Amino acid sequence: MEMTWMLTVDCADPRRMVAFWCEALGYVPEPPPGGHATWREYWADMGVPDEELPEGAGDIPESIVDPAGHGPRMWFQKVPEAKVTKNRIHFDLKVGGGRDVPLEIRTQRVTATVERLVAAGARVGRITDRPEMAHYAVMLEDPEGNEFDVV
């Protein structure tokens, strides 16, 4: 039996998270299936009762997909509670090119990505600059405070 998987991210504002993570990953909002105008319309056609759908659920795209079809689907699920502690799982956006690329070039690539993502709503949490280890990375927080690394 084939298995597929997706990553679900609890959040307060799916619209904002969809926009940010599309920018960060090069993903696109996932269109509703079967020609439906919205995901809510699709779910209603599937028989999901209105009382199981929070207000606004599915009215805008809440999931994103890799247009090349390689990466996992991500769904940004609206929840009432805020994030309060460090993530137990996080992304590493590997943009530097690996250890075969000179540190100076990797640092430039990381810095350019960080600048782009800060402009999209991320916040810098910590910079790890260890030239003696040929390592440069930046820990960022997405618009809702979820940590991820750019390396």
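In what follows, the structure referred to is the one given above.
About the thresholds
Each chain carries its own residue numbering, running from 1 in the direction its sequence is written. pLDDT decides what is reported in this predicted model: residues at 70 or higher carry local features, side-chain atom pairs at 80 or more are listed and counted, and totals for whole chains, interfaces and linings draw on all residues regardless. The basis for the side-chain values is all heavy atoms of the structure; hydrogens and waters are excluded. For the purposes of this section, nonpolar cores are sets of buried Ala, Val, Leu, Ile, Met, Phe, Trp, Tyr and Cys residues that join through side-chain atoms within 4.5 Å. Only protein chains enter the accessibility calculation, which uses a 1.4 Å probe. A residue is then buried if its area is under 20% of the maximum for its type, exposed if over 50%, and partly exposed in between. For helices the rule is a DSSP run of H or I covering at least 4 residues; for strands it is a run of E covering at least 2, with both sets numbered from the N terminus onward. Whether two residues are in contact is decided by their heavy atoms: any pair within 4.5 Å suffices. Any two strands between which DSSP finds at least two bridges are classified as paired. Lining residues are those with an atom within 4 Å of a point, where the points come from a 1 Å grid over the protein atoms alone and group into cavities, where a 1.4 Å probe fits but cannot get out, or pockets, open sets with protein on both sides within 12 Å along at least five of seven lines. Grid points are joined across faces, edges and corners, and a volume is the space filled by probe spheres set on the points. The classification used treats Ala, Val, Leu, Ile, Met, Phe, Trp, Tyr, Cys and Pro as nonpolar, Asp, Glu, Lys and Arg as charged, and all other residues, Gly among them, as polar. His is not counted here, nor are the chain ends, while Lys and Arg score as positive and Asp and Glu score as negative. Any Lys or Arg side-chain nitrogen located within 4 Å of an Asp or Glu carboxyl oxygen qualifies as a salt bridge. Distance thresholds for patches are 9 Å for like charges and 5 Å for nonpolar side chains (Val, Leu, Ile, Met, Phe, Trp, Tyr), applied to residues having over 30% relative accessible area and no salt bridge. Every accessible area reported is derived by Shrake-Rupley at a probe size of 1.4 Å, with residue values counting cover from the shown protein chains alone. To be clear, the arc concerns the directions from the helix axis to the C-beta atoms. Residues adjacent in sequence count toward polar contacts only when both atoms are side-chain atoms; beyond that, a polar contact is any pair of N or O atoms within 3.5 Å, and within protein one must be able to donate a hydrogen and the other to accept it.

A. Fine view of the nonpolar core. Counting residues in hydrophobic clusters, the biggest one holds 22 residues, and the most contacted among them are Trp21, Ile64, Phe76, Leu117, Leu140, Phe148 and Val150. Looking at this core, the elements that each hand over two or more residues are β1 (6-11), α1 (14-25), β4 (73-78), α3 (103-119), β7 (135-141) and β8 (147-150). Broken down by element, this core gets its largest block of residues, six residues, from α1. When sequence neighbours within four positions are dropped, the list of residues in contact with Ile64 reads Val18, Trp21, Cys22, Tyr27, Val28, Pro29, Glu30, Pro72, Arg73, Met74 and Phe76.

B. Inspection of the sheet that holds strand β3 (residues 63-65) at higher detail. With mixed pairing, the four strands of this open sheet are ordered in space as β1-β4-β3-β2. For this open sheet the edge positions go to β1 and β2 (28-29), each flanked by a neighbour on one side alone. Both β3 and β4 contribute to a ladder of two bridges, which runs antiparallel. Among the inter-strand pairings, Ser63 is bridged to a residue of β4, identified as Trp75.

C. Spotlight on the layout of surface pockets. For the largest pocket, the calculated volume is near 610 Å³. Taken together, 27 residues make up the lining of the largest pocket; nearest its centre are Val9, Asp10, Lys83, Asn87 and Asn146. Taken together, the elements giving at least two residues each to the lining of the largest pocket come down to β1 and β8. With five residues, the top contributor of residues to the lining of the largest pocket is β1. When the residues that make up the lining of the largest pocket are grouped by side-chain class, the tally is 14 nonpolar, five polar and eight charged. Considered as a void within the structure, the second largest pocket measures approximately 260 Å³ in volume. Lining the second largest pocket are 15 residues, and of these Pro14, Gly56, Ala57, Glu62 and Lys78 sit closest to its centre. Listing elements by their share of the lining of the second largest pocket, those giving two or more residues are α1 and β4. It is β4 that contributes the most residues to the lining of the second largest pocket, four residues altogether.

D. Seen up close, the side chain of Glu62. Within the element layout of this structure, Glu62 appears in the loop between α2 (39-46) and β3. For the buried residue Glu62, which engages in no salt bridge, the nearest side chain bearing the opposite charge is Arg40, 7.1 Å off. The residues touching Glu62, leaving out its near neighbours within four places in the chain, are Pro14, Val18, Trp43, Gly56, Ala57, Met74, Trp75 and Phe76.

E. Examining a nonpolar patch on the surface more closely. Taken together, the side chains of Val118, Val124 and Ile127 make up a nonpolar region of the molecular surface, amounting to roughly 240 Å² of accessible area. Turning to its location among the elements, Val118 is positioned in helix α3. Taking the relative accessible area as the measure of exposure, Val118 reaches 36% and is therefore partly exposed.

F. Highlighting α2. Looking only at α2, the buried set comprises Trp39, Arg40 and Trp43. Around the axis of α2, the buried residues are gathered within 100° of arc, so they sit on the same side. The inward-facing, buried residues of α2 contact β3 and β4. You can read the cap of α2 off the contacts: a side-chain oxygen lies 3.4 Å from the backbone nitrogen of Arg40, and it is on Thr38. Remark: Gly47 follows α2 within two positions and exhibits a positive phi of approximately 100°.

G. Summary view of the pattern of salt bridges. Evaluation of the coordinates by the stated rule reveals five salt bridges. Here Arg116 ties to Glu23 by a salt bridge, and the two come within 2.7 Å at their closest N and O atoms. Of this pair, Arg116 sits in helix α3 while Glu23 sits in helix α1, and the two are 93 residues apart along the sequence. Exposure remark for Arg116: the relative accessible area of 34% places this residue in the partly exposed category. The class of Glu23 is partly exposed, set by a relative accessible area of 35%. Taking the shortest distance from any N to any O, the salt bridge between Glu147 and Lys83 comes out at 3.5 Å. Pair noted here: Glu147 is in strand β8 and Lys83 is in the loop between β4 and β5 (91-93), with a separation of 64 residues, a long-range link.

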